[in-house]
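Observations on the three-dimensional arrangement
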Amino acid sequence: MNSPPETPSSAATDAALLTAHINGDAHAFSEIVKRHRDRMWAVALRTLGDPDEAADAVQDAFVSAYRKAASFRGEAAVTTWLHRIVVNACLDRMRRKSVRPVADDELIEATERDNPLPDQTVEREVSMEVSAALKLLPPDQRAALVLVDMMGYSVEDAAHVLDVPSGTVKSRCARGRAKLAPILSHLRNRSELSNVSSAKGAELRDG
């Protein structure tokens, strides 16, 4: 008589959880979702600029990951694989239709409601300007800048997520920054810009 698959503990690696899910464990994928949903949500929200669209994209991505788990080949980390699926879900949504405009206050509240920051008035003002400016970029450039400049990923890690060469990520970031420079030039010497762009993103990235 075969014994049921052993449920991995919360200390199990992502790869072990994914393997357990493939082998029929009913709870393993839920643990993966629990670990990574906040990071996936942050990427989707920054990329789409719309809480509703971001939530739908994350849901679509996790459903896709659940169904395609057996296709994971272990060539990259599970978190990189998940990021790639989420970013693709976001890009698909941007390419299929125009994301509805969202009030800046709604976006900032959704991004920061669980992570209050000091001097929130200044932080919110900068975040609103950066978020509005990002919406002016083409999807591919926006995704690259979100990962590198806002979430704090290296160019190499972003390239793995986007499944493109590092040079392509550098080029997209350079073009995106060039378009944003005249729009955000008045923020160039304000330290708050770097705080919004990278500090929280690095925290989300490193978990």
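The text that follows walks through the structure, step by step, so that each part is easy to find. A quick note: this is a predicted structure, and the numbers were derived from the prediction, not measured. Sequence order as written defines the numbering, with residues in each chain counted from 1. Local features are withheld for residues below a pLDDT of 70 in this predicted model, meaning they are given only at 70 or higher, and side-chain atom pairs are given and counted only at 80 or more; totals for whole chains, interfaces and linings count all residues. Just so you know, side-chain values use all the structure's heavy atoms and leave hydrogens and water out.

1. Here we look at the packing of aromatic side chains
Pairing of aromatic rings covers Phe, Tyr and Trp, the last counted by its six-membered ring, and requires centre-to-centre distances within 6.5 Å; plane angles under 30 degrees mean stacked, over 60 mean edge-to-face, and any other angle means tilted. Under the counting rule described, the total for this entry stands at three aromatic pairs. On the numbers, 5.3 Å between centres and 90° between planes, the contact of Phe29 with Tyr66 is edge-to-face. Of this pair, Phe29 sits in helix H2 (residues 28-48) while Tyr66 sits in helix H3 (residues 51-67), and the two are 37 residues apart along the sequence. Residue classification places Phe29 among the buried residues on the basis of a relative accessible area of 7%. For Tyr66, a relative accessible area of 48% translates into the label partly exposed. Taken together, Phe29, Phe62 and Tyr66 form an aromatic cluster joined through their ring pairs. Each helix is a run of H or I in the DSSP string that is no shorter than four residues. Each strand is a run of E no shorter than two, and both are numbered from the N terminus. Note on exposure labels: buried denotes an accessible area under 20% of the residue type's maximum, exposed denotes more than 50%, and partly exposed covers the range between, all computed with a 1.4 Å probe on protein chains only.

2. Section: helix H1 (residues 14-22)
Turning to H1, its buried residues are Asp14, Leu17, Leu18, Ala20 and His21. In an axial view of H1, the angular spread of the buried residues amounts to 160°, which keeps them on one side of the axis. A positive backbone phi angle near 105° is found at Gly24, which sits one or two residues after H1. It is the directions from the helix axis to the C-beta atoms whose arc is reported.

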